[in-house]
Amino acid sequence: MTLTSERVEIAADPREQYTRALDEHWGDGVPLLPATDDAVEALLAASPYPADHVLCVLPPVNGVATVELVAINAAMAGVEPTAFPVVLAALEALSEPEWNAFGLTTTTSSVFPMLIVNGPCRDELGIDYRASCMGGAAGRGSMTIGRAVALCIRNIGGQRAGETTKSVFGQPARLGFCIGEWEERSPWPSLAQRRGFRAEQDVVTVHGGKGTFPMADIHNDDPRDLLYLIAKSLAYPLANMYLGNPENGEVVVAFNPMWAERFGTAFPDVEDLQAYLREHACQPIDLWPEGNAAMLRARGRVDERGQVHLVDRPDQIVPIVCGGLGSLHAIALPSFGESFMQSRAIVGAA
Amino acid sequence: MSAHARFADDVTAAVDEVAQLLRADGADLTLVRADPKTARVELALVLDGVSCEDCILPPPMLFETIEQSLHRRVAGEFELRLADPRTATP
Amino acid sequence: MTTTDPATIWVRRPTAKPAGEVSAPAFTLDRPVSGLTIGIRADRAWRSWQLISSIWSERLQGDGAATIEVETGAQMGQPGADDRKEIEDLAGVADAAIVGLGTCGSCTTFTVKDAVTFEDHAKPVVAIVCEEFVVHGRNVATHLGHGDLKILVLPYPLEARPEDELRAIADEYYPAVLELLGVAQ
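Residues numbered from 1 in each chain as written. Chains lettered and ligands numbered in written order. Predicted model: local features only at pLDDT ≥ 70, side-chain atom pairs only at ≥ 80, totals over all residues.

Structural notes on the overall build of chain C
And then number 1: If you tally the helices and strands in chain C, you get 5 helices and 6 strands.
And then number 2: Expressed as lengths along the three principal axes of its C-alpha atoms, the size of chain C is roughly 75 × 35 × 35 Å.
And then number 3: Taking the intrachain contacts of chain C between residues at least 6 apart in sequence as the baseline, contacts between residues at least 24 apart amount to 76%. (Helix = DSSP H or I, 4+ residues; strand = E, 2+ residues; numbered from the N terminus. Contact = placed C-beta atoms within 7 Å.)

Below, the structure written as structure tokens:
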């Protein structure tokens, strides 16, 4: 296999490599693995595409992401060959026009790709979907796949804080965010199934999420009451979806398995659950000061009951099931707004 | 051994440990299902051979004892469901 | 492949080569605006720009131009497609355009993107970008292949300023926007 990317001589000492990576602006400030030829070639062997295949063009600088370049970044992140197709599929997904990579990689917002994986590959690849899946579980797949995608956006897409991206705060997911859905504990079809894939397919969905928004309750076991409170929590007044078009974007809400079971008993049909959440994800127009309220009225956001709904349609609230068995918690991944999540089947090497 | 196979073995060992205690009083503890994919452990308390039900650990204490035995052996979280004839719901 | 120095190893560079900086041409009017149609793109999100652009529209009309004002606000989905089509249609009929406002990351991106649509139609255009985002705006223009896109830089922040300040800014910067459009007096 002939690699065409530039070869660079670096120190063999890992600590000197780290310093060199910082000096070269390779990466995110966390130590990296060296992208040696054998590491890169092992990943390329697991790719369904040849090394020179142009997977996508990554903003903000419209860097051309060949599979070889992606493999280099994946090698630096420690991606295993079996997990490399997930990285490729995720980059293809976020390059779809409707994901709006151009907007999301440059905005002042904290939005970043958040990967949600469905299918049998979750366990095989160490993608976390149980306790502490959004940080702390340390599954190799979760930690390396998300990071590889983030490194590609940084090193190929040229996303640099304060330069090509105006993100005011960034967010922890900029080091990578890759979780699975605990499908076996979900009372509903999986996220991938609801998006048209078969249960046995490995699928990655890329959501433009602004961070993790935790919700907790210890006082109420009633599913409708809990969902009502979750809906109200999603509709926080400074949510992006109150700034732009209510018909664009999705907000992901992750239920812990214990709550999911309870919610599934009350709402066996996930569309009914989504409709209930959408109905209650609203706030009275009086909540906002007059300057904000005037804009909401001008944009026709206030309904006949004086409520301002977060989203236009139930399907814009996307439930998934994951997390530990401690109950009591849900987490939302709030939406940037001007972006639609994209899914791709994960295709391994032929 | 895969994590899933280990789950089943670890649960079985924990169940056997508590079952031995119960058998002294004529009761038994059976494993109904241990599903590593859902992390659910379903057990059933059998009281058919028991002459003195009061001699068996009270339901909350039995549940806690089983849970502790499982925690000592099973890696990660699990959800324990115990069908105890002495209580209204399993 | 090994190096000759046992203390070093070879790795592959992870960064993409920068795209070549080929810039599409920018255009100027080289005549007075009287008799021309000037397109003005406002943004539903920014009241400050709605006011400034409406003042400039009045001034242009006073100078003998006709103005067509459109208001965008979406980037994605059908609303986004509708907005891009509206810009495309405007680029077909307007003689020149003023496109704003870049005062956040993604809105700067789409301001520049919409301004580029006019240059693709060989029309003079000025993108209005606030100071904090001008580097970003320039980057976007360059990476869209329109590094010579004319950008007028307005003060930042703009949105929370009182009306009298915004009116003063509109008056102060009107000559500059005409100059960038290449309006000959």
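Some words on the overall build of chain A
And then number 1: A count of helices and strands for chain A gives 12 helices and 13 strands.
And then number 2: Relative to its length of 350 residues, chain A is compact, with a C-alpha radius of gyration of 21 Å against a globular reference of 20 Å.
And then number 3: Intrachain contacts of chain A at a sequence separation of at least 6 include 81% that bridge at least 24 residues. (Rg over C-alpha atoms; globule rule 2.2 N^0.38 Å.)

As for the interface of chain C and chain A
And then number 1: With 32 residues of chain C at the interface, the matching set in chain A holds 48 residues.
And then number 2: Among the elements of the structure, β1 (8-12), α2 (77-93), α3 (105-120) and α4 (134-143) of chain C are those that each provide at least two residues to the side of chain C that touches chain A.
And then number 3: Examining the composition of the side of chain C that touches chain A, we find that 5 residues originate from one element, β1 of chain C, more than from any other.
And then number 4: Residues of the side of chain C that touches chain A, tallied by class, amount to 16 nonpolar, 13 polar and 3 charged.
And then number 5: The sheet contact formed by strand β1 (residues 7-11) of chain A and β1 of chain C spans 5 bridges and is antiparallel. Each bridged residue has a counterpart across the sheet, and for V8 of chain A the counterpart in β1 of chain C is V11 of chain C. (Nonpolar A, V, L, I, M, F, W, Y, C, P; charged D, E, K, R; others polar. Pairing = 2+ DSSP bridges.)

Structural notes on the pairing of strand β12 (residues 329-333) of chain A
Residue and element names in this part refer to chain A.
And then number 1: Of all 5 residues in β12, 4 are buried, a share of seventy percent or more.
And then number 2: The sheet contact formed by strand β7 (residues 213-216) and β12 spans 4 bridges and is antiparallel. In the sheet register, F213 faces β12, and the bridge partner there is A332.
And then number 3: Of the strand pairs in this sheet, strand β8 (residues 251-255) and β12 are connected by 4 bridges, and their pairing is antiparallel. By the bridge assignment for β12, F255 is matched with A330. (Buried ≥ 20, exposed ≤ 12 C-beta atoms within 10 Å, placed from the backbone.)

Considering the domain arrangement of chain A
Residue and element names in this part refer to chain A.
And then number 1: If you check the domain split of chain A, you get domain 1 (14-209) and domain 2 (213-333).
And then number 2: One C-alpha centre belongs to domain 1, the other to domain 2, and the line joining them spans 27 Å.
And then number 3: Opposite the 22 residues of domain 1 that make contact, domain 2 presents 17 residues.
And then number 4: Contributions of two or more residues to the side of domain 1 that touches domain 2 are made by β4 (112-118), β5 (178-180), α8 (191-194) and β6 (203-209).
And then number 5: Residues belonging to the side of domain 1 that touches domain 2 are distributed by class as follows: 12 nonpolar, 6 polar and 4 charged. (Domains from an automatic or database assignment.)

As for the interface of chain A and chain B
And then number 1: Facing 6 residues of chain A, the contacting portion of chain B comprises 6 residues.
And then number 2: In terms of residue class, the side of chain A that touches chain B is made up of 2 nonpolar, 1 polar and 3 charged.

What to know about the sheet that holds β4 of chain A
All names here are of chain A.
And then number 1: With mixed pairing, the 4 strands of this open sheet are ordered in space as β5-β4-β6-β13. Two strands in the sheet have a free side with no partner beyond their single neighbour: β5 and β13 (342-345). Ignoring strand direction, the axes of neighbouring strands in this sheet form an average angle of 25°.
And then number 2: Both β4 and β6 contribute to a ladder of 7 bridges, which runs antiparallel. If you follow N118 over to β6, its bridge partner there is V203.
And then number 3: Its contacts with the sheet place helix α7 (residues 140-155) against β4 and β5, and it is angled at close to 135° to β5. (Axes fitted to C-alpha atoms, helices over the stretch in contact; angles between N-to-C directions.)

What about unusual backbone geometry?
And then number 1: Between P59 of chain A and P60 of chain A the backbone carries a cis peptide bond, its omega angle lying at 15°.
And then number 2: Mapping P60 of chain A onto the fold places it in the loop between β2 (54-58) and β3 (63-66).
And then number 3: Of note, the bond from G100 of chain C into L101 of chain C is cis; its omega dihedral lies within 30 degrees of zero at 10°.
And then number 4: Of note in this structure, H25 of chain A is not a glycine but carries a positive phi near 60°.
And then number 5: Within the fold, H25 of chain A resides in the loop between α1 (14-24) and α2 (37-44).
And then number 6: Exposure remark for H25 of chain A: the 12 C-beta atoms within 10 Å place this residue in the exposed category.

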